[in-house]
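Chain and residue survey
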Amino acid sequence: MADKLKKYRSKRDPARTPEPFDGSPTGKDVFVIQEHHARSLHWDLRLERDGVLASWAIPKGLPEDPATNHLAVHTEDHPMEYATFSGEIPRGEYGGGTMTIWDHGTYETEKWSDREVKVVLHGERAQGRFVLFRTHGKNWMIHRMDPPARDPLPTVDPVVPVKGWPKDVAEYAFEFAWGGSRTRVVIEGGRTELSLLRPLAERFGSRTAVLDGELVTLAGVEIYLAYDLLYDDGHSLVAQPYTLRRTKLEALDIAGARWQTAPSWPGEAEPVSSQAPQLRIRRAAREQGLPGVVAKPLDSPYEQGRWLLKET
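Everything numeric here is computed off the predicted structure, so don't read it as measured data.

What counts, and where the lines are drawn
Sequence order as written defines the numbering, with residues in each chain counted from 1. In keeping with the model being predicted, local features are shown solely for residues with a pLDDT of at least 70 and side-chain atom pairs are shown and tallied solely at 80 or more, while totals for entire chains, interfaces and linings include all residues. By convention in this description, side-chain values take in all heavy atoms of the structure and omit both hydrogens and water. Segments assigned H or I by DSSP are reported as helices when at least four residues long, segments assigned E as strands when at least two residues long, and all are numbered from the N terminus. Throughout, a contact is declared for two residues whenever any of their heavy atoms are within 4.5 Å. Whenever a carboxyl oxygen of Asp or Glu lies within 4 Å of a side-chain nitrogen of Lys or Arg, that contact is scored as a salt bridge. Summary of the burial criterion: residues with accessible area below 20% of their type's maximum are buried, those above 50% are exposed, and those between are partly exposed, where the area comes from a 1.4 Å probe applied to protein chains only. Buried Ala, Val, Leu, Ile, Met, Phe, Trp, Tyr and Cys residues that are joined via side-chain atoms within 4.5 Å together make up what is termed a nonpolar core. Per residue, pLDDT measures the predictor's confidence, with a range of 0 to 100. Any pair of N or O atoms that falls within 3.5 Å is considered a polar contact. Within protein, one atom must be able to donate a hydrogen and the other to accept it, and sequence-neighbouring residues count only if both atoms are side-chain atoms. Cavities and pockets were defined on a 1 Å grid built from protein atoms only: a cavity is a group of points that admits a 1.4 Å probe but offers it no way out, a pocket is an open group of points flanked by protein on both sides within 12 Å along at least five of seven lines, and a lining residue is one with an atom within 4 Å of any such point. Grid points are joined across faces, edges and corners, and a volume is the space filled by probe spheres set on the points. Each pair of strands is called paired provided DSSP finds at least two bridges between the two strands.

Once that is clear, we can look at the environment of Gly234. For Gly234, the position within the fold is in the loop between strand 14 (221–232) and strand 15 (235–236). Taking the C-alpha atoms as reference points, Gly234 and Asp77, separated by 157 residues in sequence, lie 31 Å from one another. Setting aside its immediate chain neighbours within four residues, Gly234 contacts Arg150, Asp151 and Thr208.

Counted under the stated rule, the structure contains 20 salt bridges. A salt bridge links Arg12 to Glu19; the shortest N-O distance between them is 3.0 Å. Judged by relative accessible area, which is 10%, Arg12 ranks as buried. According to the relative accessible area criterion, Glu19 is buried, its value standing at 4%. A salt bridge links Asp44 to Arg46; the nearest nitrogen and oxygen atoms lie 3.3 Å apart. Like Arg46, Asp44 is buried. Residues joined in a network through salt bridges with shared partners are Lys11, Arg12, Glu19 and Glu76.

The next subject is the nonpolar core. Considering soluble globular proteins, one finds that nonpolar side chains tend to be buried as a cluster. Membership of the largest hydrophobic core comes to 27 residues, with the highest contact counts inside it found for Phe174, Phe176, Trp178, Leu225, Ile281, Tyr302 and Trp307. Of all the elements in the fold, those that place two or more residues in this core are strand 11 (172–177), strand 13 (209–218), strand 14, helix 4 (281–287), strand 18 (292–297) and strand 19 (308–311). If sequence neighbours within four positions are ignored, Leu225 has contacts with Trp178, Asp212, Gly213, Glu214, Val216, Gln260 and Ala262. By size, the runner-up hydrophobic cluster in this structure holds 21 residues, among which are Leu41, Leu47, Trp102 and Ile142.

Let us look at the confidence of the model for the protein chain. Taken over all residues, the pLDDT of the protein chain has a mean of 92, while the share at 70 or more is 96%. pLDDT under 50 marks residues 273–279. Its contacts with residues more than four places away, or in other chains, come to five contacts.

So, on to the side chain of His42. Counting through the fold element by element, His42 comes out in strand 2 (residues 41–49). By relative accessible area, His42 is classed as buried at 15%. Within polar-contact distance, the side chain of His42 engages the backbone oxygen of Ser40 at 3.1 Å. Ignoring sequence-local partners within four residues, the contact set of His42 consists of Gln34, Glu35, His36, Ala57, Ile58 and Pro59.

What follows covers the layout of surface pockets. Taken as a whole, the largest pocket holds about 880 Å³ of empty space. Residue lining of the largest pocket: 38 residues in total, with Val73, His74, Thr75, Glu76 and Tyr94 positioned closest to the centre. Looking at the lining of the largest pocket, the elements with two or more residues in it are strand 2, strand 3 (52–58), strand 4 (70–78) and strand 6 (97–112). Considering each element in turn, the lining of the largest pocket owes the most residues, six residues, to strand 4. Taken as a whole, the second largest pocket holds about 740 Å³ of empty space. As for the second largest pocket, its lining consists of 33 residues, of which Leu62, Glu64, Arg150, Ser206 and Thr208 are closest to the centre.

What follows covers the pairing of strand 2. Taken across its nine residues, strand 2 has eight buried, putting it largely inside the fold. Pairing between strand 1 (residues 30–37) and strand 2: seven bridges, direction antiparallel. Across the sheet, the residue bridging to Ile33 is Leu45, located in strand 2.

Looking now at the sheet that holds strand 17 (residues 265–266). If you trace the five strands from one edge of the open sheet to the other, you get 10-19-18-11-17, paired in mixed fashion. Looking along the sheet, the strands with just one partner apiece sit at the ends: strand 10 (162–163) and strand 17. Judged from the six bridges that link them, strand 11 and strand 18 form a sheet pairing that is antiparallel. Bridge pairing links Tyr172 to Pro297 in strand 18.

In structure tokens:
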């Protein structure tokens, strides 16, 4: 075992890092996937093999769709105690950053060679057949062999409000019309194409989400305001009622200096504020120079013709 861990130990100083340096085989063929917030976010897949943990760093996490392969960087073998390790590796040390256990369990081996590793994972979050295969040189990829483990990402057009105002305000939620740049944001594998939201995307970890919102400038600062959630953690929400989408959106806690969850007042046409109680939402929009108010039916799916716009 000492030879198998020589490379691992050469990169670490036990006096400076809390990482383990030993461990005994379990005889159960365990695996662990660790979410590693190091210099760049990635996930480490480790499989018990010959008394150590064979390891791959996967920048985008396990692929959920067989149509998409993900890069898997083959790294040094790790000691068996690493199967239960989580904690803070000091900055400046090899792999410095926060490491948490994303999933763990056991696995079955269907094939293991120098160029191909085919396994069946039995975890809480990671389940199914995967193959790691070597491409050119030292490069590896990982491929899901099972059918897709999630709903496809939504492809519907953004809902555009139509002019009008509801008769029964208790059946609607009311939001400001911001007049910004309509922007749909896909967050997947801790990454997004919108550079403004990359720190937020990293916080999402492996969670996949599709946000609907706008880029607006408030007090001279560009901010993304999210006001709908079309996809969350493997499930499409397009057909779900607004109230459920809104609840799940708020649960994401999108609140920061450059991103916010847009306010919403369900079932009432006037917000309550300790600074300005009972301000009518239309008057508030007008006072803030906003173009209007959007009314959204509480029970409506995400579809055209359901959002109503009253201009200020």
